[in-house]
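Chain by chain, the residues:
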Amino acid sequence: QGQFKEALNCFEKLKSVGLSPDTVSFICILKACGSTGAIENGKEIHDEMLYNRLLENDIALGNSLIDMYAKCGVLAKAQKVLEGLRIRNVVSWNALITGYVQQGECHKALNCFRWMQSEGITPDMVTLTCILKACGSTGAIDKGEQIHNDIVRRGLLGRNIVLGNALVDMYAKCGLLSKAQEILENELPQQNVVSWSALITGYAKQGQGHEAMTYFEKMQRKGLSPDEVTFLCVLGAFSNSGLSDEAEMLFGDMSRTYGLTPCIQHHIWMIVVFGYGGHFDKAISVIKVMPCTDCLAVWVALLGACRKWANVMLGTVAFDQITQLDCTCATAYVLMCSIFASAGMHEDAENVETMRLKYAS
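Here is a short report on the structure shown in this document.

**Some remarks on the nonpolar core**
Of all hydrophobic cores here, the largest spans 120 residues; its most connected members are Ile-97, Ile-271, Leu-302 and Leu-303. Apart from residues no more than four positions distant in its own chain, Leu-303 is found in contact with Gly-315, Ala-318, Phe-319, Ile-322, Ala-332, Leu-335, Met-336 and Ile-339.

As structure tokens, this is what we get:
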């Protein structure tokens, strides 16, 4: 039921009345530790398992231990546990690989994948999905293509839409947008909004706003309604494309047509779109209708736009808001210095630099 703290309390009570935990108890409590980040409890349980020599022949316990350490971010320990297991299976490796990917250590995830394969263990859908994400994050297109070929050879694309989405996402992140499009439209027997959002995001990151909008519309013709993430992708595509009118219409459609409530990040993208287009009156209007303006990223976005246009007056307002929220924000000082310097206000730029050094120390 997800009540992990209560599970930990029950585990302590179990021992306090003189009962010995069994394998099921340990597996459940390790899951609770991993889900709550209770690493100290997890280490105590690990010690107890070692003392009672429970790990020697129980692969399920070993896998749960790896998973706990990985979820708590203690990946070196998770790998050490894996290396110490007499028997390892795909679940063992999945726990470690997933941990590395979630912590952004994708190169290590790829190394583990190679190690796993050298032991003759066949990757399952969980492994392949994680490794595709690692390939996309590191630009390891050769490895990604190898995995794609393996997926096709094993006939896995028709069985799992998550795996198909991961494949589209990998190619999109690696910049092979035509390949991502081909897979989405010709190879995936099932598509959902995640599939299309992955492709739209790829075009957005390449600065191809028109193409992102084309696939946004095509997705809807397929009968799929965009969600909040899709709108983030498309608005992001408009951030430096000059398509402020299209972005404004789309932002309005979120609530009018689709019944979605924009979050702070949607508002930030609109500030970027309007600000970088020089429409500062509209950018300020977006800020005024936000439910909360005490967000550093909002004012940093506005300040960044002010730097492009050397807008000293509005830039100063944004800079003051930022320093009230966080006087140590180095980005704000760099941007404000640049604005003053572009306007020829070198003394003001030096004063801002002095402030930066003061708070940096």
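**Points about the layout of surface pockets**
In this structure, the largest pocket spans a volume of roughly 280 Å³. Residue lining of the largest pocket: 18 residues in total, with Asn-165, Asp-169, Lys-173, Val-194 and Ala-198 positioned closest to the centre. Where the lining of the largest pocket is concerned, the elements lending two or more residues are helix 8 (125-138), helix 10 (161-173), helix 12 (193-205) and helix 14 (228-237). Class assignment of the residues belonging to the lining of the largest pocket gives a composition of nine nonpolar, five polar and four charged. Considering only enclosed or pocket space, the second largest pocket measures out at about 190 Å³ in volume. What lines the second largest pocket is a set of 13 residues, among which His-46, Leu-50, Leu-55, Val-81 and Gly-84 lie closest to the centre. Going through the elements one at a time, helix 3 (39-51) and helix 5 (75-84) are the ones with two or more residues in the lining of the second largest pocket. Residue composition of the lining of the second largest pocket, by class: six nonpolar, two polar and five charged.

**Section: helix 8**
Between its terminal C-alpha atoms helix 8 stretches 20 Å, which fits the 20 Å expected from 14 residues at 1.5 Å a residue. Among all positions in helix 8, only Thr-127, Leu-128, Cys-130, Ile-131, Leu-132, Ala-134, Cys-135 and Gly-136 are buried. Elements that come into contact with the buried residues of helix 8 comprise helix 6 (90-102), helix 7 (106-118), helix 9 (141-153) and helix 10. Structurally, the start of helix 8 carries an N-cap: the backbone nitrogen of Val-126 is 3.1 Å from a side-chain oxygen of Asp-124. Where helix 8 terminates, the next one or two residues include Gly-139, which has phi positive at roughly 75°.

**So, unusual backbone geometry**
Even without glycine at this site, Arg-53 takes up a positive phi of about 55°. Along the chain, Arg-53 falls in the loop between helix 3 and helix 4 (59-71). The class of Arg-53 is exposed, set by a relative accessible area of 59%. Backbone geometry at Ala-310 places phi at a positive 50°, although glycine is not the residue there.

**Considering the packing of aromatic side chains**
According to the stated counting rule, one finds eight aromatic pairs in the structure shown. Ring centres of Phe-319 and Tyr-333 lie 5.4 Å apart, and the angle between their planes is 80°; this geometry places the pair in the edge-to-face category. Remark: Tyr-333 occurs in helix 20 (residues 330-342) and Phe-319 occurs in helix 19 (residues 312-325); sequence separation between them is 14 residues. Of the two residues examined, Phe-319 and Tyr-333, each falls in the buried class. Clustering of aromatic rings is evident, with ring pairs tying together Trp-196, Tyr-203 and Tyr-215.

**Here we look at the pattern of salt bridges**
What the rule picks out here adds up to 13 salt bridges. Note that Glu-105 is salt-bridged to Lys-108, the shortest N-O span being 3.1 Å. Overall, Glu-105 belongs to the partly exposed group, its relative accessible area being 29%. Judged by its relative accessible area of 44%, Lys-108 is partly exposed. Here Arg-356 and Glu-353 are joined by a salt bridge, their closest N and O atoms 2.7 Å apart. Taken together, the positions of Arg-356 and Glu-353, both in helix 21 (residues 346-360) and three residues apart, correspond to about one turn of that helix. A cluster of three or more residues bridged by salt bridges with shared partners is formed by Glu-12, Lys-15 and Glu-48.

Cut-offs used in this document
- Residues numbered from 1 in each chain as written.
- Predicted model: local features only at pLDDT ≥ 70, side-chain atom pairs only at ≥ 80, totals over all residues.
- Heavy atoms only, no water.
- Core = buried A, V, L, I, M, F, W, Y, C linked by side-chain atoms within 4.5 Å.
- Buried < 20%, exposed > 50% of the residue type's maximum accessible area, 1.4 Å probe, protein only.
- Contact = heavy atoms within 4.5 Å.
- 1 Å grid on protein atoms, 1.4 Å probe; cavity = no way out; pocket = protein on both sides within 12 Å on 5 of 7 lines; lining within 4 Å.
- Points joined across faces, edges and corners; volume = space filled by probe spheres on them.
- Helix = DSSP H or I, 4+ residues; strand = E, 2+ residues; numbered from the N terminus.
- Nonpolar A, V, L, I, M, F, W, Y, C, P; charged D, E, K, R; others polar.
- Expected span 1.5 Å × (residues − 1).
- Polar contact = N/O pair within 3.5 Å; in protein donor to acceptor, adjacent residues only side chain to side chain.
- Phe/Tyr/Trp six-rings, centres within 6.5 Å; stacked < 30°, edge-to-face > 60°.
- Salt bridge = Lys/Arg side-chain N within 4 Å of Asp/Glu carboxyl O.

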